Every structure is written in structure tokens, then in C-alpha cells.
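Below are the chains, spelled out letter by letter.
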Amino acid sequence: MNSGRITDIGQGKYSNAATIPAADDEALDHFLAGFCAVEVASDVSAPSSASSMRSPVSVEAIAALFHRGGDQVWRLTEGESDTTECKAGFGLKHSHQWVKAIAALSNNRGGYVFFGVADGGHKGAADQDLSYAVVGLGSDEFTKIDPAEITSKLRSVLDPTPRIEIATRHIGGTLIGVIHVEQHPSRPVIAQKAEGGDKIKEGDIFYRYPGQSIRIKYSDLRAMLDERDKQARLEVMPMVERLLALGPQRALVADLKEGVLDNGRGRLVIDPALIDRINFIREGDFDEVDGAPTLKLVGEVVPVDQDAIQSRGVITDDVLLDNFLTGITISQPKEYIRYVAIGGHAEWLPVGYFARKAGLKRADVKLLIAAVPGNSVRKKKVMARVVRSDAALATFEGAPKGILRSMSTGQLPEPSDAKSAHHVAQAICGLRSLGGLNAEDLLQLLARCRDLIVSGGKPGAMSHVRRASCRIDEIVFPLGD
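Source: prediction; values computed, not measured.

A look at the pairing of strand β4 (residues 111-115)
Here is step 1 of the chain: Buried residues dominate β4, accounting for five of its five residues.
Here is step 2 of the chain: Relative to β4, strand β3 (residues 84-87) is paired through four bridges, and the arrangement is parallel. What sits directly across from Thr84, in β4, is Tyr112.
Here is step 3 of the chain: Where β4 and strand β7 (residues 174-181) come together, five bridges link them in antiparallel fashion. Each bridged residue has a counterpart across the sheet, and for Phe114 the counterpart in β7 is Val178.

Given below as C-alpha cells:
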């Protein structure tokens, strides 16, 4: 029994409590005389260690957050707070709403975003109060969506990417969607591009306050950064003490993301295959734990040319295009620009997105390209494109022209085969601005066009897909002066 249930009984709101007469003192004394306190104590014993380790989206964990009131409606017990946000429905079309909520939660203590649960003040068809009530998912979009799409959306808009768990659960027989968000260890999570018009702007930091997800206040940002600095100092001190004990002659610092051992004067490069085989307890968790593996690094030390360690991965035209269309965060964006200038085979490959990731302005990109060895015709063409802001702009007659006209009014086409996908790619080349279109939707559309063209066996049409990607790149990721 919780306090809310007792209150409902006292007010006659719970079940048929209003029709049940109160017990007199004699009946109450008789009941208490036969009451077994030991049995009750066993029922409310502390949870086992196994249950305390359950997932935050487990059936038990989610069910514990809801209760059924006297009106027989299931509601989120605590309502919206600084750890919970309710949304009546879910959709990719208005993804900025839940992207903002997830960012806000990850910047505070973490928590839940519920879909199919009404927010405060929601009214039913009969004007009844349905605040925080379980109303159910209005469509099957949440149940059918690939979790990778949600993660991809977060990765494309937010940096660093929030950590989430996704599930569907039944509350009182009604299906709801659940996204649990962890507090990010490297917060603040920041918007790296605009989304949903002006709802999310580049550089925004959202924070979850009781009942609302809004841009963070200075005092909370200052406290967050101070806490992060404090935690960083605590985490680095054991390493600093170890470095001081060893001395500079015996110590190297390992960068396990780039695969480099460095002492400030020289470096050793670890083979990527060897890095991938290293098994850590948990990201950022290096405490001594019983049963934790002892690691033995085995490899052959060989000399390599400086250029050989510029990029751990293999860059190709297809890899570069895929990274651009899916918004994948890359560790060495400058290498993609160098590849476009000297190593790429396709005529059209985007540059602005990778410059944005590297924090480069137009002048910086020109210097980077100029420093690439060689004096090829390709290098000169890429340099000429960098100078302009509409180099990829081109219009095509026929079907592409009609599609472009529709897109200019904010309508996205739905290609069904390689031919229609080719026409859509040509239409995108003619866009002069986003207008009413969403950048993420446009990138996903072009990715579908690419897939249809590849599966439809029309490799020649890929040149227009790549040119269309460059046009989107010029509009969405313009090079700053």
C-alpha cells in the first residue's frame, strides 16, 4: 500500500471503497490481535542483488513507475520531473522533440522519455483530465523502427552521442514506448547542427529541469563544467602518480582511440587490428575488479612512413559518401578532405561536412589542400570548388524539374526504383536552399536514392547522387570565411 492508495481509499475514490463501512474499534482490535508482523516483514524485504542490477527498461522497473488511480486510469506516478518526460506519440517527422528531450536528460541525471503517455494538462474526448495518463502509441512507428535509426539521428545531431536503451512495455494492457537515457560521462552533450527549424540550433545545450527540457542556464552549465573538471582531475591523478614514479625515460602515454603511444618527443603506432582486440572492463572504468582480464599486447615493431599513420581506416569514395549521408562521427576528418583533393576517383565528393567536423574555415581548407603533395588536375578542381558556394548547383529538364518544383514547396518525393531515384538525385542538384525541407530528411532521401540505384544496377546514375551530396553539403555545411 502506498500513500496515494490510502488517500484514495479514505476519499472513497478507490474501487468500491465508498460503499464499504468503516470498521469499529472492536473489529479493528480483533484484526490487529491476529496480525502476523513477521510475514509482513518478509514481504517487504530489500530486493536481492540480482533485482537491483536489473535493466532500467525491464518490465519490473517500468511497471514500478506507474499506478492505477481511482478512475481506473493508469498514470505515471510522479508525473513529469527532471528525470521523466512524457509524449503522447512518436514520430521521425518531428524528431527534434525527442532529440531535445534525450539531450536534456543526458546533461542532467539521466532518466526516461515515455511515448504513449500524455503530458500534464492533457484532456480526453469527454474533457476528463488525462495528465500523465497511459494513452498508448497512436501508430506502430515506434514498434517498427530500427533502433539504429534512432541512434543514427542522435549521432547526427548531438555530440557526444547520448547513451540510450529502447523498449516497448505494456501498462494496464496498453502499449507504450520507452527510451532510457544515461547521464553522459562527458557532458555537456551539444547540438552540432540545426534540427527542426529553430527548435534546435547549432551549439545548443539542453538541460532537464522539472517538467521541461530547455536551454541550460549559465549557473547549471558552470556547475556541470566544474564537476567535469573535478572528475577529470580525480581520474587522471593515479596515472600522473604512476608517470612520476616511472619517470619520462620509462613512460609513454597510450591514446587508444588513435592507436598511438607518445611521450611528447616521439611516438609508436599500434596496429589497428591489435587495438581492436584489447578487451577493457568498461569504458572509463579501470578499477581493480575480481576476474578482470590481464591483457598482454603482442605485436611486431616495424618502421612506418609518417603518411602511413594519417588514418586508421581505409577511405574510399563509397566510404566517404556513406559517412556524409549517415552523419557518422569520424576521428580524423582532415584526412577525408585530403582524400577528396588527391585520392578520390569520383568527380563530386563533399568537403564542407568534414571541414565542419575538423573546425576549419574556407581559408584553412585551402591551406590544407595546397599542402597536399602533388600538383594534379584534380587538386586544382577541388580547390576551385572550395572557393565557390554553389559549384554543385545544376538543373535538369523533364521529370527532375517537376520534382525540384515540389521540393521547393517543402514536399519530399518517394522514389520507388532506380529510375525515379536518379530523377530525385538530379532534382536535389538544383536546390538553392533548404526552404521548408529538413536537412536530415534530405540526407536520408539521398541515401535511399543511392541504395535504389545500386540495387537497380544503374552505376552511371551515381555521379548525380554524388553531385547531389555536394549540393546538400554546400547548403547545410557551408564553408565559413
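A closer look at the sheet that holds β7
Here is step 1 of the chain: The sheet built from four strands is open, its strands ordered β3-β4-β7-β6 with mixed pairing. Either end of the sheet is taken by a strand with one partner, and the two such strands are β3 and β6 (164-171). The average angle at which neighbouring strand axes cross in this sheet is 20°, direction not considered.
Here is step 2 of the chain: Against the sheet, helix α6 (residues 95-107) makes contact with β3, β4, β6 and β7, and its axis sits at roughly 160° relative to β4, the strand it touches most.
Here is step 3 of the chain: Where helix α8 (residues 147-157) meets the sheet, it contacts β6 and β7, and its direction lies at approximately 135° from that of β6.

Concerning the packing of aromatic side chains
What characterises a pair of aromatic rings is the spacing of the ring centres plus the angle enclosed by the ring planes.
Here is step 1 of the chain: The full count for this structure, using the stated rule, is 12 aromatic pairs.
Here is step 2 of the chain: Note on Phe115 and Phe142: the rings are 5.4 Å apart at their centroids and 35° apart in plane angle, and the pair reads as tilted. Taken together, the positions of Phe115 in strand β4 and Phe142 in helix α7 (residues 141-144) put the pair 27 residues apart, joining distant regions of the chain.
Here is step 3 of the chain: Since its relative accessible area comes to 4%, Phe142 is described here as buried.
Here is step 4 of the chain: On the basis of an interplanar angle of 70° and a centroid distance of 5.2 Å, the ring pair of Tyr353 and Phe477 is categorised as edge-to-face.

Some thoughts on a negative patch on the surface
Here is step 1 of the chain: On the surface, a cluster of negative charge is made up of Asp24, Asp25, Glu26 and Asp29.
Here is step 2 of the chain: Looking at where Asp24 falls in the secondary structure, it is placed in the loop between α1 (3-10) and α2 (25-33).
Here is step 3 of the chain: For Asp24, a relative accessible area of 47% gives the class partly exposed.

Examining the nonpolar core
Here is step 1 of the chain: Ranked by internal contacts, the top residues of the largest apolar core, which has 49 residues, are Ile337, Val365, Met407, Ile428 and Leu446.
Here is step 2 of the chain: Sorting elements by how many residues they give to this core places helix α18 (residues 439-455) first, with eight residues.
Here is step 3 of the chain: Sequence-distant contacts of Ile337, defined by excluding residues within four places in its chain, comprise Val351, Phe354, Ala355, Leu360, Val365, Leu368 and Ile369.
Here is step 4 of the chain: Phe90, Trp98, Ala104 and Leu154 belong to the second largest nonpolar core, which has 24 residues in total.

Here we look at a nonpolar patch on the surface
Here is step 1 of the chain: Together, Val236, Met237, Met239, Val240 and Leu244 give the surface a local cluster of nonpolar side chains, amounting to about 450 Å² of exposed area.
Here is step 2 of the chain: Locating Val236 in the fold gives a position in helix α9 (residues 218-246).

A word on α18
Here is step 1 of the chain: The end-to-end C-alpha separation of α18 is 25 Å, in line with the 24 Å expected for 17 residues at 1.5 Å each.
Here is step 2 of the chain: Elements in contact with the buried residues of α18: α8, α11 (317-326), α16 (399-407), α17 (418-428) and α19 (462-476).
Here is step 3 of the chain: Looking at where α18 begins, the residue whose side-chain oxygen comes 2.9 Å from the main-chain nitrogen of Glu440 is Asn438.
Here is step 4 of the chain: At the C-terminal side of α18, Gly457 shows a positive phi close to 70°.

Rules used in this analysis
All residue numbers here refer to positions counted from 1 along the written sequence of the relevant chain. Predicted model: local features are reported for residues with pLDDT of at least 70 only, side-chain atom pairs are reported and counted for 80 or more only, and whole-chain, interface and lining totals are derived from all residues. Each side-chain value is worked out from all heavy atoms of the structure, with water and hydrogens disregarded. Partly exposed residues are those whose accessible area sits between 20% and 50% of the maximum for their type, while under 20% is buried and over 50% is exposed, using a 1.4 Å probe and protein chains only. Helix and strand assignments come from DSSP, with helices taken as H or I runs of at least 4 residues and strands as E runs of at least 2, each series counted from the N terminus. When DSSP locates at least two bridges between a pair of strands, those strands are taken to pair. Axis angles are defined between N-to-C directions and span 0 to 180 degrees, where every axis is a line fitted to C-alpha atoms and, for a helix, only to the segment in contact. Here, residues are in contact when the closest pair of their heavy atoms is within 4.5 Å. In this analysis, rings of Phe, Tyr and Trp, with Trp reduced to its six-membered ring, are considered paired at centre separations within 6.5 Å, and the interplanar angle assigns stacked below 30 degrees, edge-to-face beyond 60, and tilted for intermediate values. Nonpolar side chains (Val, Leu, Ile, Met, Phe, Trp, Tyr) within 5 Å and like charges within 9 Å form the patches, drawn only from residues with over 30% relative accessible area and no salt bridge. Note on areas: Shrake-Rupley with a 1.4 Å probe; residue coverage comes only from the protein chains shown. We define a salt bridge as a contact between a side-chain nitrogen of Lys or Arg and a carboxyl oxygen of Asp or Glu at a distance within 4 Å. Charge convention: Lys and Arg are scored as positive, Asp and Glu as negative, and His as well as the terminal groups of each chain are ignored. In this description, the location of a charge corresponds to atom NZ of lysine, CZ of arginine, CG of aspartate or CD of glutamate. Residues grouped as a nonpolar core are buried Ala, Val, Leu, Ile, Met, Phe, Trp, Tyr and Cys residues, joined through side-chain atoms within 4.5 Å. A helix is expected to span 1.5 Å for every residue after the first. Under this definition, polar contacts are N or O atom pairs within 3.5 Å; protein pairs additionally need one hydrogen-donor-capable and one acceptor-capable atom, and for neighbouring residues in sequence, both atoms have to be side-chain atoms.

Functional significance is not addressed by these values, which are geometric in nature.
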